[in-house]
Amino acid sequence: MSKIFFIPILFISLFSCNLIQKENDYFLVSVHGQDLFYSDIKHLFSDDLNEIDSVRLIKSLCEKWVKEQILVQKAKINLPINQQNIKAQVESYENSLLIYAYQKEMLNQKLDTIVSDEEILDFYNKNKDNFILNDAVAKVNYVKLKKEAPYLWKVKRLFDKVDDESKLSLEDYCYQFADDYYIDDSWLFVKDILKNFPKIHSIDKLYENYRINFFHKNYYYYLYIKKYKIKGSTSPLELVKNQIRSIILNKRKIIFLENLEIDLYKNALSKNDIQYEKK
């Protein structure tokens, strides 16, 4: 059995004569042939600690270190060799972090992040089979109004029109009086559109140029489907534009990092920094 040596008197003597003499070092404890010196833990002390607190801290740190060493020794005895190679694992992880940081810095400095609309359109046209809708989508005008809302006739007159002036007038009216509305040329999933309607009014078959308005529980509802694409058809470009931009940028990153690695390797070879074993 290995012996653990504590020297309690040392804890007191260390702090006599203006606390510790920093130019000297002191042995504290030994376990399984491993020694702990004051220099190993002195960075954990602060100047505002009094002698009693410092002694307590030293004792606590020694006990913690001893327990750690005992566990390490047990691990070495009981764990298979392949699980003990922690140093190599730590080194590999450290290398990965360094490489990642370097690659990130190079990407920030040199990668072209501008993706033109022409590039996006070209990618979309060449990869339409990869952009299939899982649910129907539509461009809509949708308005929900209380029955007390003024100028309801104005909504009915403007709602189905598609010219810009009518659209702006309808948006202005809805901003002032509507409880809920959506007037835009962005694509929405139909299932999300239908959430705005009361369940009592079932709308099952939607299609392009579909129009409906009805009254339910003190509210008027208006819906106009301007554009419609069924589930299983090719997604509109607008709906996947940001996704395509991300794909193009990711491809650029991969190519950039591959070329960076190749260039560094070739440069090291040209400078004779790499020496392979001669056979």
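Located above this text is the structure these notes cover.
Residues numbered from 1 in each chain as written. Predicted model: local features only at pLDDT ≥ 70, side-chain atom pairs only at ≥ 80, totals over all residues. Heavy atoms only, no water.

> Would you mind going over the packing of helix α5 (residues 117–126) against helix α9 (residues 237–270) with me for this structure?
For the pair α5 and α9, the least separation of the axes is 9 Å and the interaxial angle reads 100°. With respect to their mutual orientation, α5 and α9 come out roughly perpendicular. From α5, Asp117, Glu119, Ile120, Leu121, Phe123 and Tyr124 reach across to α9, where they touch Leu237, Val240, Lys241, Ile244, Arg245, Ile247, Ile248, Lys251 and Arg252. Looking at side-chain class alone, the contact of α5 with α9 contains 9 nonpolar, no polar and 6 charged residues. (Axes fitted to C-alpha atoms, helices over the stretch in contact; angles between N-to-C directions. Helix = DSSP H or I, 4+ residues; strand = E, 2+ residues; numbered from the N terminus. Parallel < 35°, antiparallel > 145°, perpendicular 65-115°, else oblique. Contact = heavy atoms within 4.5 Å. Nonpolar A, V, L, I, M, F, W, Y, C, P; charged D, E, K, R; others polar.)

> Quick question: what am I supposed to make of the nonpolar core here?
Soluble globular proteins tend to bury their nonpolar side chains together. If you look at the biggest cluster of nonpolar residues, it comprises 15 residues, and the most contacted ones within it are Ala138, Val140, Phe197, Leu223, Ile225 and Tyr228. The set of elements that each furnish at least two residues to this core consists of β4 (137–146), α8 (190–194), β7 (211–216) and β8 (219–229). Among the elements that take part in this core, β8 stands out by supplying 4 residues, more than any other. With sequence-adjacent residues up to four places away left out, Ile225 is seen in contact with Ala138, Lys139, Val140, Leu206, Tyr207, Glu208, Asn209 and Tyr210. If you look at the next biggest cluster of nonpolar residues, it comprises 14 residues, including Phe159, Tyr173, Ala178 and Tyr222. (Core = buried A, V, L, I, M, F, W, Y, C linked by side-chain atoms within 4.5 Å. Buried < 20%, exposed > 50% of the residue type's maximum accessible area, 1.4 Å probe, protein only.)

> Sorry if this is basic, but what is going on with the packing of helix α4 (residues 86–110) against α9 here?
When two helices pack together, their arrangement is given by the angle between their axes and by how far apart the axes lie. Packing of α4 against α9 brings their axes to within 11 Å, and their N-to-C directions diverge by 110°. Here α4 is positioned roughly perpendicular relative to α9, judged by the angle of their axes. Here the hand of the crossing between α4 and α9 comes out right-handed. Between α4, through Tyr102, Gln103, Met106, Leu107 and Lys110, and α9, the contact on the second element is made entirely by Lys253, Phe256, Leu257, Leu260 and Leu264. A per-class count over the contact of α4 with α9 returns 7 nonpolar, 1 polar and 2 charged. (Left-handed = near helix turned anticlockwise from the far one by under 90°.)

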